[in-house]
Amino acid sequence: MASAQKIVNELKKQGITHAIGVPDNGSARIYELLRGEPEIEVITVTREGEAFAVASGLYVGGQKPVIIIQNTGFLESGDAFRGTVVNMRVPVVVFIGYRGYHNRDSEGQWVDSVASFLEPTLKAWNLPYGMLETDNDIRCIGAAFEKTEETSLPAAVLLIGHAT
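Computed from a prediction, not measured in an experiment: that's the story for all the values here. (Residues numbered from 1 in each chain as written. Predicted model: local features only at pLDDT ≥ 70, side-chain atom pairs only at ≥ 80, totals over all residues. Heavy atoms only, no water.)

Novice: Please set out the sheet that holds strand β6 (residues 155–159) residue by residue, giving values where relevant.
Specialist: Strands pair in a sheet through their backbones, by hydrogen bonds, and they do so in one of two ways: parallel or antiparallel. Ordered in space as β2-β1-β3-β4-β6-β5, the 6 strands form an open sheet in which the pairing is parallel. Each of the sheet's edge strands pairs with one partner strand only, and the pair in question is β2 (41–44) and β5 (129–132). Averaged over all pairs of adjacent strands, the angle between their axes in this sheet comes to 20°, without regard to strand direction. Most of the contacts of helix α2 (residues 28–35) go to β2, to which it runs at about 135°, and overall it touches β1 (18–21), β2, β3 (65–70) and β6. Contacting β1, β2, β3 and β4 (93–97), helix α3 (residues 48–60) crosses the sheet at an angle of about 175° to β3. (Pairing = 2+ DSSP bridges. Helix = DSSP H or I, 4+ residues; strand = E, 2+ residues; numbered from the N terminus. Axes fitted to C-alpha atoms, helices over the stretch in contact; angles between N-to-C directions. Contact = heavy atoms within 4.5 Å.)

Novice: Would you mind going over helix α6 (residues 113–124) in detail, with residue names and values included?
Specialist: In this model, α6 (12 residues) spans 17 Å end to end at C-alpha, consistent with the 16 Å of a helix rising 1.5 Å per residue. Buried residues of α6: V114, A115, L118, E119, T121 and L122, and no others. Considered in projection along α6, the buried side chains sweep an arc of 160° and stay on one side of the axis. Those residues of α6 that are exposed and angled more than 90 degrees off the buried face are K123 and A124. In the core, the buried residues of α6 are packed alongside α4 (71–76), β4, β5 and β6. Once α6 ends, the next one or two residues include N126, with phi positive near 55°. (Expected span 1.5 Å × (residues − 1). Buried < 20%, exposed > 50% of the residue type's maximum accessible area, 1.4 Å probe, protein only. Arc of directions from axis to C-beta.)

Novice: Go over unusual backbone geometry, please, and point to the residues and values.
Specialist: If you check the backbone angles, R89 has positive phi at about 55° while not being a glycine. Mapped onto the elements of the fold, R89 is located in the loop between α5 (78–86) and β4. Exposure remark for R89: the relative accessible area of 43% places this residue in the partly exposed category.

Novice: Which residues make up the pattern of salt bridges, and what are the values?
Specialist: All told, the structure shown has 7 salt bridges when counted by the stated rule. K12 is the salt-bridge partner of E37, the closest N and O atoms lying 3.1 Å from each other. Taken together, the positions of E37 in the loop between α2 and β2 and K12 in helix α1 (residues 4–13) put the pair 25 residues apart, joining distant regions of the chain. (Salt bridge = Lys/Arg side-chain N within 4 Å of Asp/Glu carboxyl O.)

Novice: Give a description of the pairing of β3 that names residues and reports values.
Specialist: For β3, the buried fraction is high: 6 of the 6 residues fall into the buried class. Of the pairings in the sheet, the one linking β1 to β3 comprises 4 bridges and is parallel in character. What sits directly across from I20, in β3, is I67. Pairing geometry for β3 and β4, over 5 bridges, is parallel. Pairing of V66 across the sheet is with V93, part of β4.

Novice: Could you give an account of the nonpolar core, with specific residues and numbers?
Specialist: Within the largest apolar cluster, 26 residues are counted, with the highest numbers of intra-cluster contacts made by I7, L11, I30, L34, F95, L132 and I141. Taken together, the elements giving at least two residues each to this core come down to α1, α2, β3, β4, α7 (139–151) and β6. In contact with I30, not counting residues within four places along its chain, are A4, I7, V8, I68, L159 and A163. By size, the runner-up hydrophobic cluster in this structure holds 23 residues, among which are L58, I67, V94 and L122. (Core = buried A, V, L, I, M, F, W, Y, C linked by side-chain atoms within 4.5 Å.)

None of the figures reported here should be taken as evidence of function without further support.
Next up, the structure:
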């Protein structure tokens, strides 16, 4: 499991101003720590698609947001993703909780179907991503921010498991 504090430290290092999304079990500790950071505003939304619109507006207004959502909500918000951060070329990093990643049956098949859809969808939508499972993977956060700066497009960090 990755340390939520190390994730937050990296987000602070990247200069984020806002964290937007829908907290879930995997990201709850990250949100809790972010709420304690006076220089970062946490904005919770009712649906994940709203996070993309809010992040786009903040970016246009000169802020540096990050989005934190779960894979189920990411898949549901495809049109909001396309119509805002992609079409507007918003260089935002999207943290996506990889629900179901470790849940496979004895034959290696996904138990939770959302896990089987996530990576093929990311590839189809041309959204580059890194995998964050342990503290050894924290560097993928910086790489995602670098990718957004190079392309003026979003990049993702897949959160595997619960940040502790």
